Amino acid sequence: MTDTTLQSPAPAKVKVETPFQRFRAEFFESRIAATAFFVLVIIMALAILAPWITPQNPYDLAQVDVLDGRLPPGSEAFAGYTMWLGSDGAGRDLYSAILYGLRISISVGLASGVIALFVGMVVGLVAAYAGGRTEAVIMRVVDLQLSFPAALVALMLVAALGKGIDKIILALVVAQWAYYARTVRATALVERGKEYVEAAQCLGLSKTRVVFRHILPNCLAPLIVVGTVQTAHAVSLEATLSFLGVGLPQTEPSLGVLIANGFEYMLSGRYWISVFPGIALLLTVASINLVGDQLRDVLNPRMKK
Amino acid sequence: MTAVLEVAGLKTHFFTHAGVVKAVDGVDFTVNKGEVMGLVGESGSGKSITGFSILGLIDQPGRIVEGSIRFNGDEIANAPEETLKSIRGNRISMIFQDPMMTLNPVLRIDSQMMEAIFAHEKVSKKVAWERSRHALGLVGIPSPEERLKAYPHQLSGGMRQRVSIAIAFLNKPDLIIADEPTTALDVTIQAQIIHEAQKLTRQTGTAMIWITHDLAVVAGLADRISVMYAGRIVEQGLTDDVIDRPLHPYTVGLLGSVPTANKRGERLFQIEGMTPNMLALPEGCAFAPRCRSASAACKAPPPITHIANRDIRCFNPQAQAAAE
């Protein structure tokens, strides 16, 4: 073969930038996103390390002293440590309570986010690939679901199911799967029309293989973006439910419960009981959202400059 | 010669809201072992739909309404999905037009190639990988080991089309349907790809249907040519006969519009009018409104007649007109 040498350059030995390296460089181009990512990492680390870096386990009633109740930031607890962020009405050290609360809030957000993503993804793919009546029925259910505010759906479900982490997660999944389903279906429809899908069919591959091995990986970029934003949404939704008193129980306070606990003391000047958990919630949700925004910009080729 | 594929009276119609589109409306042809058949026609003449009908990949609202497709003697028109799946990519494979689009952008070349093997055979990963490497070598890709590890975006267009061809030949099929495989490539690469495909069909005895709108491409490649217009084959014969002495006015027009060295400086011939609306085809011969030789007889659909060593659908065959 003489002609092969014409068009194929010798395999270059130069170090090529891998797609991940390029992605990383583009992601950290924005200072805001870099900061948000940094904050998010710190929050996650604090939440994960909570049992080892807090002076008190707020879930262990033996460690909580009612006499420590409503102490202002910087006071010394009965047990001898300093409560840098003060304490709440039940005598819980707020710093410890916030870190433990973050653990619950973030894990509820992540768990519901992942389950909703999985459910929505499968439903969306089936709708896009099956087409016809199946698709119409599925998408009308999605439309119906999306026509209710997520908070309302979650509120109704939790009211019906009762309290508890598992019930909250279930309620959040039901409230959010439709967003994923719609996103996946829209992307999968575009991908389905592309020639590589036709080519895969021409290879005699089975339908499930075409859908999950060929179409799905090409739909991941928008899914990741929606996943991040919806996780932030799930965290704040859980806080909302807990704040309203239908979410997590008082004995295992999430951020929403902590904020609600301090609400009655706001006017008496004991701002710290509500404000510090509020700031923690704000930082968490805002940093996830900012990271999500930057992901959208980086992963969407049309947004590229 | 044994026939690999015999298509007779094939009709594939699309039932749309606006009406019935007769994309393929009575097509007959035979492809013999090791033979290359050029299927030529302009956009929308039904050539690609013919290819997809053979593979049973016609999507709703279309379907094969009539006719038979015999592959190695077995009827495969409207055959059950299981049968078709075992044929697709195995006994009949396909090469597509745009190599930028036919490879999945997120899967490595090796996984895409090995997948094509695993879909039809139970072999070990090692064997499949070895076969993929060998196939890439056959289509003239240097250092195939490294290419196997690459993602499609790391390869050039010509290289990707070679990969597609390698995938098509992977399971040693009896027939390959190539749907305008060189249209998206520039001319030098085009020549290489044609050369590669031609070499492989000779080596393996694989028959090929080469779908194109470019007569110049099939002139050097195909053994026989079928010219399609508005869902029908209007002229069919040996390449030399059709190219040198076209009889159907449409073929004459197509050939007349190919630029050659002899026609330097002259205005190229142009077939007047537009491709007919497939929803409202003219009565009788679909080409008649654009045809210079149309007569009153053309109001009726022309039957297939066998003259001068070929099949033709025309009442007024041209004589020796195109050579000039």
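Look a little higher up for the structure.
Residues numbered from 1 in each chain as written. Chains lettered and ligands numbered in written order. Predicted model: local features only at pLDDT ≥ 70, side-chain atom pairs only at ≥ 80, totals over all residues. Heavy atoms only, no water.

Caption draft 1: Up close: the sheet that holds strand β11 (residues 305-307) of chain B. All names here are of chain B. Taken together, 8 strands build an open sheet; the order of strands is β6-β7-β8-β3-β9-β10-β12-β11 and the sheet is mixed. Looking at which strands have only one partner, the edges of the open sheet turn out to be β6 (92-95) and β11. Neighbouring strand axes in the sheet, compared pairwise and without regard to direction, differ in orientation by 20° on average. Sheet topology note: the strand β9 (residues 224-229)/strand β10 (residues 232-238) ladder contains 6 bridges and is antiparallel. (Pairing = 2+ DSSP bridges. Helix = DSSP H or I, 4+ residues; strand = E, 2+ residues; numbered from the N terminus. Axes fitted to C-alpha atoms, helices over the stretch in contact; angles between N-to-C directions.)

Caption draft 2: Structural view of the pattern of salt bridges. Counted according to the given criterion, the structure contains 26 salt bridges over all chains. Each of R140(A), D143(A) and R182(A) takes part in salt bridges that share partners, so that together they form one network. (Salt bridge = Lys/Arg side-chain N within 4 Å of Asp/Glu carboxyl O.)

Caption draft 3: Structural detail: the nonpolar core. Of all hydrophobic cores here, the largest spans 140 residues; its most connected members are L5(B), F29(B), L175(B), I209(B) and W210(B). The greatest single-element share of this core, amounting to 12 residues, is contributed by helix α7 (residues 165-192) of chain A. When we break this core down by domain, the ones giving at least three residues each are domain 1 (3-91 + 174-312) and domain 2 (105-170) of chain B. When near neighbours in sequence (up to four residues on either side) are disregarded, L5(B) contacts F29(B), T30(B), V31(B), I54(B), I69(B), R70(B), F71(B), L175(B) and I209(B). Membership of the second largest hydrophobic core comes to 26 residues, among which are A47(A), A239(A), L258(A) and V285(A). (Core = buried A, V, L, I, M, F, W, Y, C linked by side-chain atoms within 4.5 Å. Buried < 20%, exposed > 50% of the residue type's maximum accessible area, 1.4 Å probe, protein only. Domains from an automatic or database assignment. Contact = heavy atoms within 4.5 Å.)

Caption draft 4: A look at the sheet that holds strand β2 (residues 19-32) of chain B. All names here are of chain B. One open sheet holds the 4 strands; their spatial order is β2-β1-β4-β5, and the pairing between them is antiparallel. The sheet terminates laterally at β2 and β5 (74-75), the two strands that pair on one side only. As judged from the 10 bridges shared by strand β1 (residues 3-16) and β2, these two strands associate in the antiparallel manner. Residue pairing in the sheet places L5 in a bridge with V31 of β2.

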